[in-house]
Amino acid sequence: MNKRIRLSLQALLILATLLLALHLALPYLLRDYLNDKLADMGDYRGQIDDVDLAWWRGAYRLDELLIVRKDQQMPVPFVQIASIDIALSWEALWQRAIVAEVTLVRPELNFVDGGASGDDSQHGGGTDWREQLEKLVPITINELRLVDGRVRLRNFESRPPVKVDISDVQASFHNLTNVSGDDGTRVARFEGTGLLLGHAPVEAQAAFDPFKDFYDFDMRLRARDIDLPSLNDLAGAYGKFDFKAGHGDLVIEASAEKGQLDGYIKPLLRDVEVFDWEQDVADADKGILRSAWEALVATGETLLKNQRRDQFATRVPLSGSLQDTKTSPLQAFFAILRNGFVQAFDPRFEGSSELPD
């Protein structure tokens, strides 16, 4: 009996030692495995600094994910995430389904507009991002949460250079499933909030098929009480004018079906001052043509605005194809948005996009 107990204890000790060795070695093995997979991501490459395991809650964490373009030396990475927590959904396990709940902590996404050619742009084209996500999370994702995120739009070549960001992003993706519904479609949902330029509240909603390349979706975005002078880099680079004063709201509502975009941008500008003789004409750096253009913009705004409420509003249609073979669908979408920039709108959804229930 004593010998049998001794052998059992020895077996348990060996097993415990093996499990401890596996626990210590597995994070490094997983890190090297994932880094090998992420080294080739089409036009991008990725790297993870560390992997931590949490067996007691069926989870693992990836630390410091960095994704950069391979063929261009960009000043900023495309994606940078402090940590990614992947945990099994215990609620789903009770229903005999194995799905994950993923939390991205301090994710940063940097879009770069490199001009008309797009060669120096960074919009995510050239990579199958679903495939890359499956490398990190090889099971179905039920919910993906973004905590304290940031999205930036940069243009390093324009004059002036452009830097627009949405910070404090708190968002969730739901139903990122690979299983079709009864009608053969898969509808995932996105809901999020943030701060445009650090001060203007932003809210967004979207419905989309997670397994199509941005060709079918419905989305709404609304930003309120934007301080217009804070947009002067963007206005100067793309509109060739700047704001002296004013506030505005912005609504974007868009949908796409089989790559054909339809929707609108509606800005509403209040108490706007664009042209100022002392600021604009006396500024020798701007030149006479730039000053004349700003005077024209200011005159048009004065003629069209509601004089009683001192506001200027308009509605800019969004339309076009997202299936240009030379650009990614997302890059084409951004190009269409850029063409409708800086015009006044009424901050009410018109219902031209209908998100499914």
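Criteria and cut-off values
Residues numbered from 1 in each chain as written. Predicted model: local features only at pLDDT ≥ 70, side-chain atom pairs only at ≥ 80, totals over all residues. Heavy atoms only, no water. Helix = DSSP H or I, 4+ residues; strand = E, 2+ residues; numbered from the N terminus. Buried < 20%, exposed > 50% of the residue type's maximum accessible area, 1.4 Å probe, protein only. Areas by Shrake-Rupley, 256 points an atom, 1.4 Å probe, with all protein chains shown as cover. Salt bridge = Lys/Arg side-chain N within 4 Å of Asp/Glu carboxyl O. Phe/Tyr/Trp six-rings, centres within 6.5 Å; stacked < 30°, edge-to-face > 60°. Polar contact = N/O pair within 3.5 Å; in protein donor to acceptor, adjacent residues only side chain to side chain. Core = buried A, V, L, I, M, F, W, Y, C linked by side-chain atoms within 4.5 Å. Contact = heavy atoms within 4.5 Å. pLDDT = per-residue confidence, 0-100. Pairing = 2+ DSSP bridges.

In terms of helices and strands, the protein chain carries seven helices and 13 strands. The 357 residues of the protein chain split such that 43% are buried. Of the roughly 19,900 Å² of accessible surface on the protein chain, a fraction of 54% belongs to carbon and sulfur atoms.

Moving on to the pattern of salt bridges. Under the defined criterion, the tally for this structure stands at 11 salt bridges. Put simply, Asp32 and Arg31 hold a salt bridge, and the shortest N to O gap is 3.4 Å. Judged by its relative accessible area of 43%, Asp32 falls in the partly exposed class. The salt bridge partner of Asp40 is Lys70, with a shortest N-O separation of 3.2 Å. Of the two residues, Asp40 sits in the loop between α1 (2–38) and β1 (44–54) while Lys70 sits in the loop between β2 (59–69) and β3 (79–88), which places them 30 residues apart along the sequence.

Next up on the list: the packing of aromatic side chains. What the rule picks out here adds up to six aromatic pairs. Measuring from ring centre to ring centre gives 5.5 Å for Phe78 and Trp129, while their planes differ by 40°; the resulting arrangement is tilted. Taken together, the residues Phe78 in the loop between β2 and β3 and Trp129 in helix α3 (residues 129–136) connect sequence positions 51 residues apart. Overall, Trp129 belongs to the partly exposed group, its relative accessible area being 28%. Seen from their ring centres, Phe173 and Phe190 are 4.8 Å apart, and the 45° between their planes marks the pair as tilted.

Within the fold, Glu253 resides in strand β10 (residues 245–257). Given the relative accessible area of 0%, Glu253 is considered buried. Only 3.4 Å separates the side chain of Glu253 from the side chain of Arg220, close enough to count as a polar contact.

Ranked by size, the top nonpolar core spans 66 residues in total, and within it Leu62, Ile84, Val102, Leu136 and Phe217 carry the most contacts. Once residues lying within four places of it in the same chain are set aside, the contact partners of Ile84 are Tyr60, Arg61, Leu62, Leu65, Val102, Thr103, Leu104 and Leu136.

When pLDDT is averaged across the protein chain, the result is 76; 70% of the residues are at 70 or more. Low confidence marks residues 292–309, where pLDDT is under 50. Its contacts with residues over four positions away, or in another chain, come to 23 contacts. Across residues 342–350, confidence stays below pLDDT 50; counting only partners more than four residues off in sequence or on other chains, it has 48 contacts.

Between Arg159 and the following residue, Pro160, the backbone shows a cis peptide bond with an omega angle of 0°. Position of Pro160 among the secondary structure elements: in the loop between β5 (140–155) and β6 (162–174). Even without a glycine there, the phi angle at Asp148 is positive, about 55°. Among the secondary structure elements, Asp148 is positioned in strand β5. Positive phi outside glycine occurs at Asp225, with the angle close to 55°. Relative to the elements of secondary structure, Asp225 occurs in strand β9 (residues 217–227). Among the residues examined, Asp225 registers a relative accessible area of 41% and is labelled partly exposed.

Summarising the sheet, β9 and β10 pair through nine bridges and their orientation is antiparallel. Bridge assignment links Ile226 to a residue of β10, and that residue is Gly248. Of the strand pairs in this sheet, β10 and strand β11 (residues 260–273) are connected by 12 bridges, and their pairing is antiparallel. Looking at the pairing, Ile252 lines up with Ile265 of β11.

On to the environment of Arg224. Here Arg224 lies in strand β9. Residues Arg224 and Asp249 lie 25 residues apart in sequence; the distance between their C-alpha atoms is 4.4 Å.

Time to look at the pairing of β6. Relative to β6, β5 runs antiparallel, the two being bridged by 10 bridges. The residue bridging Gly149 from the neighbouring strand is Val169, located in β6. Hairpin remark: β5 followed by β6, antiparallel, with six residues in the connecting loop.

We now examine the environment of His247. As for its placement among the helices and strands, His247 is situated in strand β10. In sequence terms His247 and Ser230 are 17 residues apart; their C-alpha atoms lie 9.8 Å from each other. Ignoring anything within four residues of it in the chain, the contact list for His247 reads Asp225, Ile226, Asp227, Leu228, Leu268, Leu269 and Arg270.

So, about the environment of Leu228. The residue Leu228 is located in the loop between β9 and α4 (232–238) in this model. For the pair Leu228 and Val274, spaced 46 residues apart in sequence, the C-alpha to C-alpha distance is 9.8 Å. Setting aside anything within four residues of it in sequence, one finds Leu228 in contact with Phe243, Ala245, Gly246, His247, Gly248, Leu269 and Val272.

Take Asp209: it is sitting in the loop between β8 (200–208) and β9. Looking at Asp209, the relative accessible area reads 10%, which means it is buried. Excluding its chain neighbours within four sequence positions, the residues that come into contact with Asp209 are Arg186 and Asp216.

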